[in-house]
Every structure is written in structure tokens, then in C-alpha cells.
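Coordinate inspection notes
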Amino acid sequence: MIYNVYLVGVGGQGVLTIGELIAETALLDKIPVNYYPTEGMAQRGGLVKAQIRIGQEFVGPHIPEKNADLIVAMEVSEALRTTQFIKPGSDFLLWGHIWLPTASLLGKQGYPGLDTVKEKIAQAGAKLLYLDPANLPTYQGSAIPDNLYVLGAAVRNTSLGKILNVETMGKAIENRWPKAAEKNLYAFQCGFEMASD
Amino acid sequence: MAEQIVNGNEALALGALKAGVRVVTGYPGTPSTRALASLLAMNPENVHVEWSTNEKVAFEIATGASWAGLRALCTMKMSGLNVAYDSLISVAHSGIVGGLVVYVADDVGANAGMAEQDSRGFAALADLPMLEPASVKETYQLVQTAFQISEEIGSPVFIRLVTAVANSKNVMNIPPAEPPPLKPPLLIKDIQKYTKAGSAICLAQHQDLLNRLEKARHIFDEMQLNPLHLSPRSGKVGIIASGITRAYLGEAIDFLENLGLQKEDLSILEIIASNPLPLDQIQQVLNHTQSVVVFEELDPLVEREVYIQAQRCGFKGNIFGKLNGLFSKVGAYELIHFIKGLAAVCEIEVTEEVLRGFHSEELAAPRPITVCAGCPHRGTYMAINQAIRKLRLRKEEVMVTGDIGCTILGMNPPFNTIWNEISMGASIALAQGFVHAGVKTPVIATMGDSTFFHAGIPGLVNAVQHQVPLTLIIMDNGWTAMTGMQANPGTDANFQNGEGKSVDIAQIIPSLSIEHFFTIDPYNLEASTATIQNALTLPGVKVILARRECAIQAQRREGRPGNITVNADLCNLCKLCITITGCPAISITNGKLEIDTELCSRCGLCAEVCNFDAIQLEMPG
Ligand SMILES: Cc1ncc(C[n+]2csc(CCOP(=O)(O)OP(=O)(O)O)c2C)c(N)n1
Ligand code: SF4
Ligand code: SF4
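Conventions we followed
- Residues numbered from 1 in each chain as written.
- Chains lettered and ligands numbered in written order.
- Predicted model: local features only at pLDDT ≥ 70, side-chain atom pairs only at ≥ 80, totals over all residues.
- Heavy atoms only, no water.
- Domains from an automatic or database assignment.
- Contact = heavy atoms within 4.5 Å.
- Buried area = accessible area lost by both parts, 1.4 Å probe.
- Pairing = 2+ DSSP bridges.
- Helix = DSSP H or I, 4+ residues; strand = E, 2+ residues; numbered from the N terminus.
- Axes fitted to C-alpha atoms, helices over the stretch in contact; angles between N-to-C directions.
- Near = heavy atom within 4 Å.
- Polar contact = N/O pair within 3.5 Å; in protein donor to acceptor, adjacent residues only side chain to side chain.
- Areas by Shrake-Rupley, 256 points an atom, 1.4 Å probe, with all protein chains shown as cover.
- Nonpolar A, V, L, I, M, F, W, Y, C, P; charged D, E, K, R; others polar.

So, about the domain arrangement of chain B. Residue and element names in this part refer to chain B. Taken as a whole, chain B is organised into domain 1 (3–222), domain 2 (228–360), domain 3 (376–550) and domain 4 (560–618). Taking only C-alpha atoms into account, the centre of domain 3 sits 27 Å from that of domain 4. Contacts between the two partners involve 10 residues from domain 3, matched on the other side by 11 residues from domain 4. Around 820 Å² of area is buried between domain 3 and domain 4 when both sides are counted, 63% of it from carbon and sulfur atoms. When residues of domain 3 are sorted by the area they lose upon contact with domain 4, Arg-378, Met-382 and Tyr-523 head the list and together hold 63% of the total.

Following this line, the structure appears as C-alpha cells:
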């Protein structure tokens with residue numbers, strides 16, 4: 001059995017950090033994993049995606065269409081680039097952040113509405129879990145890292161929690177930020193404990 | 001040694017260390033860069049590691065080390081192989097002494113935006129062995145095999161990774177390699193081997209080269225490098241899978257088993273050595289089966305060989321692949337290809353709908369990439385655009401040739417400055433073609449500093465020799481930026497490896513008898529515009545050096561000094577700053593212009609274009 005996670009977002013959102021933490025958690029628990037990030041180029045503001053295939057030693061890096069057990073989209077419009085990958089009936093976690101491309105900002109091109117995006121995700125047969133950035137908690141006065149919040153929510157509310165151990169993931173976070181573990185674990189914990197609507 | 005997460009590039013580097021490599025050279029290029037970059041970071045004892053000026057130089061250095069008896073590795077992306085190829089062919093004919101491995105990464109799927117190219121054809125053309133790992137773990141092992149084969153037969157050996165393997169990360173347990181012993185270099189004088197003086201020498205070398213390849217074939221057969229599995233019963237189905245396609249087979253077979261595929265009817269040949277191909281094994285599959293499907297990305301190289309072998313052994317069945325129109329030569333393979341191919345050869349019905357998901361990407365907002373906040377190139381494009389306007393010319397009549405690197409991003413909005421892109425260093429020579437074609441408006445060429453050193457200098461020398469009127473703008477950000485900020489010859493001496501020195505472009509240009517040479521700071525829009533405008537009116541070859549460090553590198557060292565603020569009372573929301581700079585740090589939030597101070601790197605360009613002084617930049621000192 002292969003468990004597939006597809007991540008998508010915009011450069012600078014910490015999408016690849018989510019992917020690396022998932023891969024590191026699998027490593028700590030000795031579960032085979034293939035983690036394939038696509039960073040586009042060095043520039044901020046481009047599309048970033050990552051494909052994680054958990055559970056099999058020798059595996060092709062691309063997740064086939066209709067095969068993702070979990071999709072995490074960190075940006076509303078970019079979510080549309082992944083609907084073909086969802087396995088019908090599986091979880092689609094949408095973080096409602098809107099990052100307008102310059103042309104959309106200037107009104108030279110459109111930007112898909114949240115309702116359209118939700119509708120497409122539903123049409124693809126996914127179980128949508130929508131997280132509203134307006135509810136992002138703060139830590140010592142500043143917003144917590146949203147990527148860790150989203151990861152926490154994913155482990156609690158999606159099938160990812162059946163595949164990976166939440167405590168191990170906490171350890172992976174500590175290993176990664178030995179000096180800033182508290183803030184990052186707090187963000188992760190907030191996501192884990194948030195009530196899903 | 002604990003387990004660690006490594007990607008294909010890092011596994012390749014670690015495998016080379018394990019094999020006792022002594023000299024590693026290369027030139028950055030996605031997706032190959034991380035292999036050499038990780039070795040530079042490790043700084044292994046007794047191993048010389050460097051970013052060379054270009055891939056040809058890198059390969060020649062590696063050859064010298066190999067001819068002196070050392071093991072050497074040379075790394076590049078597929079485009080780099082084109083650059084190194086002249087020397088590579090010659091060395092292939094001469095042969096080598098110490099194991100010489102050439103790592104080439106093919107960007108199947110063109111993720112980084114370059115011509116999609118299948119480098120396996122180069123191995124065939126050069127009669128050199130090529131190994132193709134399909135996973136991170138195989139990469140670590142096969143690079144060691146490559147060194148061993150290289151020495152055993154006396155030829156350079158290719159190792160080829162595709163992007164999906166080079167960038168995939170796996171968990172591996174790799175013990176630290178012992179530093180290689182320092183053995184004294186050999187100096188072997190043998191003009192029969194090391195020169196091409198005379199046809200007799202050349203023909204003998206050609207024959208030797210072919211003999212070495214044959215030897216490789218025997219060794220691979222003995223090692224059973226290419227796994228062959230024949231089904232218990234003959235007359236059924238054959239699968240030939242090459243390179244990364246091997247990694248998808250299991251999944252495809254599992255899928256089709258539910259639809260009636262008989263696993264025990266399958267004979268499978270997995271191809272790890274894409275040169276020389278395992279001809280015996282291909283024949284065995286053909287003799288054993290009734291129809292065959294060939295899986296390989298890009299060119300139908302294996303498939304053509306299957307047709308040849310089919311002719312030789314009288315195979316009368318069907319061959320499924322690209323040549324019968326089933327698959328395309330374009331792009332990476334995904335599971336769907338394997339299911340379709342297996343379904344075709346096993347005569348199982350699978351409808352496209354079962355495999356295809358629900359697509360909605362056409363509704364996503366396009367997101368063209370642009371330069372980073374604070375990128376010096378932004379100021380250069382803005383200045384070029386303004387200079388053209390001030391000369392009362394339209395952008396549509398001023399040819400601005402482009403080159404490889406972050407510098408090419410001037411092709412995108414909001415700048416729309418750059419017209420074209422060929423290959424490293426091509427912009428300056430391409431521009432000369434437009435001049436000779438009779439273009440009377442100013443012709444401008446643009447290129448980055450690394451590109452200038454890599455292959456730009458010959459083009460500029462040509463312009464001087466033939467006195468071609470044009471303006472070259474060298475966008476010198478001090479680094480080879482697009483590939484992740486590697487040092488190049490012009491990089492500050494403080495950041496050169498070891499005792500390395502910096503080569504100053506500002507000293508090279510005057511030495512080429514170029515009279516009109518200017519330096520600008522792209523953060524100073526007004527002065528830059530004036531200089532470019534002036535240069536465009538002067539005769540002969542003009543060179544402008546636009547000098548300012550890559551913003552990302554500068555920030556890594558110095559952070560974000562100073563302050564930027566928007567005065568909402570003065571801002572009338574004309575959005576000119578966004579329209580002209582396209583800077584990703586500027587946005588409109590709740591009807592107000594906002595600058596993300598975590599993203600902004602205080603270049604001041606937005607403040608320079610604001611007509612109402614609404615943006616204030618304060619720098620310390
Ligand atoms: C022959 C070849 N080698 C390597 C590359 C990979 N590559 C793409 S962009 C780039 C960097 C160019 O650096 P520079 O000219 O300094 O421009 P910058 O990105 O710094 O603006 C390189 C090496 C390539 N495209 N072709
Ligand atoms: S990486 Fe450096 S050179 Fe490239 S776009 Fe960003 S700031 Fe500019
Ligand atoms: S000063 Fe203006 S243009 Fe420069 S990085 Fe900051 S916001 Fe962008």
C-alpha cells in the first residue's frame with residue numbers, strides 16, 4: 001500500500017517545510033518514503049509543489065491522477081492545479097490564503113473565487129477541509145507559522161494521522177528547530193487542536 | 001552513522017566519495033547542481049571540488065586528473081553536455097586512465113524551462129557506457145559501479161539521472177567514506193593515445209573505443225546488471241522498461257491485475273545500462289513472447305533497437321511504444337502510460353476516464369515568475385525600458401536579446417523587455433545577426449556575469465573584431481544566481497573556494513579595445529537610464545556593466561537594513577509602483593498600498609517611480 005500526499009502552494013509559504021517534516025517523521029518511524037519537491041526557480045512567488053509517497057521502497061516519484069490520499073493546498077487558486085490528483089473520497093485540506101499574482105492585483109486578469117475552488121474540489125470527489133486564515137492564532141503577539149498550523153490540522157483531521165505518529169512529528173519539529181521549538185510546536189499544536197468546521 | 005534523508009544528487013556525491021573520487025568539477029545546472037554543491041559543503045579531505053567556468057572546462061580538468069591516474073567526476077545538466085561534447089568525443093576516442101564518470105541530469109518534463117533533451121543519444125553517439133539509476137538508493141550504488149567499469153574498460157562512463165530521481169529524497173544509511181589515499185600522479189607520454197595526429201592514430205583509436213564498449217557489454221552481462229525475468233510459459237507478453245520507468249511497473253501491474261492481467265504471463269527486461277544495450281536479453285524476450293511493450297521517456301532509443309533485434313531473430317509479433325503511436329516523445333511518464341501500455345499489449349480494456357482525474361487547472365490564475373523583491377535586474381529592465389522611451393522609440397522596434405539565468409525574467413510582465421533566449425552566451429552573437437540583417441534601431445544584448453564568463457566572451461570578441469554596432473548590458477550580480485547562487489569567476493574573492501581569486505569584468509572589457517564602457521548601479525534608476533540612453537546613441541560596440549549584488553545573497557549576509565514606509569496620505573493609489581516594478585513585496589490590502597517589510601529589500605526602485613513621494617526609504621549611514 002502506498003499513501004500519497006500532494007502539496008501545493010506558492011514559493012515562500014513554507015510548503016516544502018511541510019513536506020520535509022512529513023518525510024522526516026516517516027524516517028524517524030522507519031517507514032519508507034519518497035519525497036519529490038519541485039521548487040520551480042529561486043524566485044519567490046512561483047508555484048511550488050511536492051509529492052510524497054509513503055510505504056513502499058521502490059516507487060515512481062510522480063503521484064498518479066486520482067491517487068492522492070491527501071492534498072494540502074496552501075493557496076486558493078493553486079489548489080485548482082491539483083484536483084485531478086485526489087482519490088475520490090479522500091481529504092483535501094485547503095488553507096484559504098489568497099496570494100494575488102500581480103496581474104490580478106492590477107485587475108488585468110481574474111482570480112478564481114473561493115466558492116468556485118470549493119466547488120471544483122467537491123466535483124473532484126474530495127472531502128474538503130477548509131481552514132480560514134482569519135482564525136490563525138498568535139504567539140507572543142505575532143501570527144504563528146501557518147504551515148505548521150496546517151500540518152497540525154492535517155494530522156488531526158485527515159487520514160495522515162493514521163499513517164504518521166503525531167508524537168514523532170513533534171520530535172521532527174524539535175529536531176528541525178532546536179532553538180525555536182516552542183513557537184513551532186505551539187503552532188503545530190494549535191492546528192492539531194483547532195475545531196474543524 | 002545514523003540514517004539520513006538524501007536526494008539523488010547527494011547520493012551520487014556520496015557514492016563518488018565512497019568510490020574514492022579525487023577531483024570533482026562541474027558547472028551548475030538544474031537539476032544536477034546539488035551533487036557538486038553538496039560536496040563543496042562537505043569539503044572532503046584529499047578531494048578537489050570546484051565550480052568551473054563552463055562544462056567544457058570542467059570536463060577537460062576531470063580528464064587531466066584521470067589521465068594522471070586519479071578518479072574524477074564531472075557534473076552538468078543536459079545543456080552542459082552539449083557544451084562539453086567536443087572534448088568528450090575526443091577523450092572517448094583516446095580513453096582514460098583513472099575512472100572518469102560524467103554525471104548528466106536530464107530535465108525530463110522541462111521543469112526548469114530549457115530544451116527537453118535526451119542525453120542517452122549522446123552516449124550512443126560517443127560509444128560510451130551509460131548507467132541509469134531509477135532511485136536514490138540505486139544512484140549511490142551505480143555511481144560506484146560506473147567508476148569501476150570506467151577503469152576496467154578504460155573509457156569515460158556516463159551516469160544519467162532524470163529530474164524526478166535527482167530531486168527525490170529517500171532515507172539512506174550511508175557510512176562516512178574514508179578519505180582517498182594520495183597516490184602520486186602518473187605522467188604517461190603516449191602520442192598514439194593522447195593525440196589525434198594522423199589518420200592511422202585516429203582510426204586505431206576509433207576501433208579501440210568500440211572494443212571498450214564491447215568489453216562493457218560483456219561485463220554488464222556477467223554482472224547481470226539488467227535484470228531479466230522470463231515467464232514460465234512462452235508465447236505471452238514482454239515488457240522492456242528503461243531507466244526511471246522501471247519504478248512504475250509494480251504499481252501498473254497491481255492496478256491491472258484487478259482487471260484480469262495475468263502476472264505470470266509477463267516477461268520483464270529492466271534496462272539499467274542504456275548503452276551498450278543488452279542485445280542478448282532483448283532477443284531472449286523477443287524469442288519468448290508474442291508481443292512486446294517498450295517503456296522509456298523521450299526518444300525511442302531502446303525501442304529502435306528492439307525493432308532491429310526483432311528483424312534479426314524473426315520476431316513477428318507487435319511492438320508497442322512510441323513508434324506505433326501509443327506514446328509521445330514529449331514529457332515525463334506517469335502511471336497512466338504504463339497502464340495504457342500494459343493494457344494494449346495484454347489486450348485489456350481500460351477507459352481513459354478510470355485513470356483521469358477531474359482537471360480544473362485551467363481556472364487557476366496564471367502566475368508568471370518574476371525577479372525577487374529587491375533584485376538588481378529589476379532596475380536594469382526598468383532603465384532599458386525608460387531609455388527606449390526617452391529616445392522616442394517603441395519597445396516593439398528595439399531588439400533586446402536575452403540570455404540564460406535570472407536575467408531572462410525580463411521577458412515577463414511587467415517589463416516585457418527581453419525578446420528571446422537560446423543558450424548560455426548566445427545573446428551577444430544573436431544580436432550581431434540582427435545588426436547584419438539591417439536593423440537600424442539600436443540592438444541590445446543582455447546577459448549575466450556567469451554567462452559572460454561561461455560563453456559570452458567569444459561573442460563579444462567577435463563583435464569587437466567586426467565592429468558591430470550594438471550595446472551589451474552585463475547584469476553582474478556577483479553570483480550564478482538562478483541555479484542557487486554558486487560562485488563564478490567574478491564572485492568576490494572572499495567567497496571563492498580556498499585560495500581562489502576574483503576576475504573583474506571591469507578590467508576585462510577595456511582590455512578588449514572597447515571604447516565605450518560604462519558602469520551603472522541598477523538601484524539608481526535615473527542615472528542608469530541616462531547612461532543606457534547615451535550608449536544607445538553612440539557608434540560601435542558599447543558595454544554597460546550593471547553592477548549590484550543579487551538581493552538574496554546580500555540579505556543572507558546583511559539582513560534588511562533601513563526602513564521603508566508608505567505614506568497613505570500622499571499615496572493616491574495610482575498603483576504605478578506595482579505596474580512598473582512588479583515587485584512582489586508591494587500589495588494592496590484593505591484598499592491601502594502595503595509593503596511587506598519582511599520581503600522588501602530596500603532597493604528603493606518603487607520610491608523612485610512614485611510621483612507623489614508616498615514611499616519613503618531610509619537607509620542607515
Ligand atoms: C550550458 C548550460 N549550463 C548550465 C545551465 C544552467 N543555468 C541556467 S541559469 C544559470 C545561471 C546563469 O547565471 P548568470 O549569468 O550569472 O545570471 P543570474 O542567474 O545570476 O542572473 C545557469 C548556470 C544552462 N542553462 N545551460
Ligand atoms: S535570485 Fe538574485 S538575481 Fe535572481 S531574481 Fe532573485 S535577487 Fe535577482
Ligand atoms: S524598495 Fe520597493 S521595489 Fe524595492 S524591494 Fe522594497 S518594495 Fe520592492
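Residue and element names in this part refer to chain B. Across the sheet, which stays open at both edges, the 5 strands sit in the order E9-E11-E10-E13-E14 with mixed pairing between neighbours. Taken across any chain shown, the strands that pair with only one partner, and hence form the sheet edges, are strand E9 (228–229) and strand E14 (318–320). Here 6 bridges tie strand E10 (residues 236–242) to strand E13 (residues 289–295), and the two strands are oriented parallel to one another. Note that in E13 the partner of Val-237 across the bridge is Ser-291. Across the face of the sheet, helix H11 (residues 279–288) comes into contact with E9, E10, strand E11 (266–271) and E13 while running at roughly 135° to E13.

With that settled, the discussion passes to the site of ligand 1. Residue and element names in this part refer to chain B. As a matter of local geometry, ligand 1 sits amid 26 residues, with Glu-55, His-377, Cys-406, Asp-449 and Thr-451 nearest to it. Thr-451 has a polar side-chain atom sitting 2.5 Å from an oxygen atom of ligand 1. For ligand 1, whose accessible area on its own is 590 Å², the fraction buried by protein is 97%. A per-element tally of the shell around ligand 1 places helix H17 (residues 449–465) first, with 4 residues. When grouped by side-chain class, the residues that make up the shell around ligand 1 number 10 nonpolar, 13 polar and 3 charged. Formed jointly, the shell around ligand 1 draws a minimum of three residues from each of two domains, domain 1 (3–222) and domain 3 (376–550).

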